[in-house]
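What follows is the residue order along each chain.
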Amino acid sequence: MAHTLPELPYPYNALEPHYDEQTVRIHHDMHHKAYVDGLNNAEAKLAEAREKGDFSLIKHWERELAFHGSGHILHTLFWENMSPANTGKPDNTLADRLNQDFKDLDTFKKQFSAAAVAVEGSGWAVLCWNPMFHKLEILQVEKHQNLTQWGVIPLLILDVWEHAYYLKYQNKRAAFIEAWWNIVNWEVVNDRFSKAVK
Ligand code: MN
């Protein structure tokens, strides 16, 4: 079953002025699409290798599978955890956990922003639930196929690859991150968290 590019859950211009239409359009239609295509291609090549019993290129295709698979998953979560109106906030369950693990919401946002600003090169900042440690973690993702904590459940995702902000914000990644807090969809984050801790 081939993977398909999910539709955005809102119009391309819905996140203006914080996230401009042109960047969202290119980011979704071209960058995210390339991950979906790459993932389908890797899966097809691996099926072909199994068919032929020829695993001479296994390292290459497993890498492609991890790279494009992670890119597809993280972009999908990223689009979902934004919304046009900045009306929501962490519900009581999530707020309690944020307070427990990060002192308070403001300190959480400061740490998340600092982590996002400091991602070296291309990558992501991710708030996730680690069921083994039973706590919330903020992780930096460099080269999104690497550096994961296996088993964590991503809750809030921020894309800080240059393609995510360069048209409007150029080298001012911190300004993009500051604006981005206005378009976080906390309802989705609340929902992901309540499912994660069950
Ligand atoms: Mn991206």
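Residues numbered from 1 in each chain as written. Predicted model: local features only at pLDDT ≥ 70, side-chain atom pairs only at ≥ 80, totals over all residues. Heavy atoms only, no water.

What to know about the domain arrangement of the protein chain
So the rule is basically this: Domain segmentation is taken from an automatic or database assignment of domains. Residues are treated as being in contact if the distance between any of their heavy atoms lies within 4.5 Å. When two parts are brought into contact, each loses some accessible area as probed by a 1.4 Å sphere; the total of that loss over both is the buried area. We define a salt bridge as a side-chain nitrogen of Lys or Arg found within 4 Å of a carboxyl oxygen belonging to Asp or Glu.
Each domain of the protein chain was delimited in the assignment, giving domain 1 (21–80) and domain 2 (92–196). For domain 1 and domain 2, the distance between their C-alpha centres works out to 22 Å. Facing 15 residues of domain 1, the contacting portion of domain 2 comprises 18 residues. It is T23, L74 and F78 that lose the most area in domain 1 upon contact with domain 2, and together they represent 38% of the buried surface on that side. Across the contact surface, domain 1 and domain 2 share one salt bridge.

Regarding the pattern of salt bridges
Worth spelling out the cut-off: Helical segments are the DSSP runs of H or I of at least four residues, strand segments are the runs of E of at least two, and each set is numbered from the N terminus. When a residue's accessible area, from a 1.4 Å probe over protein chains only, is under 20% of the maximum for its type it is buried; when over 50% it is exposed; and in between it is partly exposed.
The full count for this structure, using the stated rule, is eight salt bridges. Among the ionic pairs, K52 bridges to E48, the shortest N-O distance being 3.3 Å. Of the two residues, K52 and E48 are both situated in helix α1 (residues 21–52); the distance of four residues between them amounts to about one turn of the helix. Assessed through its relative accessible area of 38%, E48 is described here as partly exposed. A salt bridge links R192 to E80; the nearest nitrogen and oxygen atoms lie 3.2 Å apart. With R192 in helix α7 (residues 186–196) and E80 in helix α2 (residues 58–80), the pair connects residues that are 112 residues apart, well separated along the chain. On the basis of relative accessibility, which here comes to 35%, the residue E80 falls in the partly exposed class.

Description of α7
Rules: Directions pointing from the helix axis toward each C-beta atom define the arc. Any pair of nitrogen or oxygen atoms within 3.5 Å is treated as a polar contact; in protein, a donor-acceptor pairing is required on top of that, and neighbouring residues in sequence qualify only through side-chain atoms on both sides.
Buried within α7 are the following residues: W186, V189, N190, R192, F193 and A196. Down the axis, α7 shows its buried residues gathered within 165° of arc, on one side only. Opposite its buried face, α7 presents the exposed residues E187 and K195, each directed more than 90 degrees away. Where α7 is buried, its residues touch α2, α3 (92–102), α4 (105–117), β1 (123–130), β2 (135–142) and β3 (153–159). For α7, the N-terminal capping position is held by N185, with its side-chain oxygen 3.1 Å away from the main-chain nitrogen of E187.

Examining the packing of aromatic side chains
Inclusion rule: Geometry of aromatic contacts follows a simple scheme: Phe, Tyr and Trp rings, the Trp one being its six-membered ring, pair when their centres are within 6.5 Å, and the pair is stacked under 30 degrees between planes, edge-to-face over 60, tilted otherwise. Over a ring means this: the NZ of a Lys or the CZ of an Arg is within 6 Å of the ring centre and within 35 degrees of the ring normal.
Enumeration over the complete set of coordinates arrives at 16 aromatic pairs. Aromatic side chains F102 and F108 sit 5.4 Å apart centroid to centroid with 55° between the ring planes, which places their arrangement in the tilted category. With a relative accessible area of 0%, F108 lands in the buried category. Taking the centre distance of 5.9 Å and the plane angle of 10° together, the rings of F112 and W180 count as stacked. Taken together, the residues span a long stretch of sequence, with F112 in helix α4 and W180 in helix α6 (residues 173–180) at a distance of 68 residues. Here the two residues F112 and W180 agree in accessibility, since each one is buried. An aromatic cluster is defined as three or more aromatic residues linked by ring pairs; in this entry it consists of Y19, F78, W79, W124, Y165, Y166, Y169 and F176. The ring of Y12 is capped by R25, whose NZ or CZ atom sits 3.9 Å from the centre of that ring.

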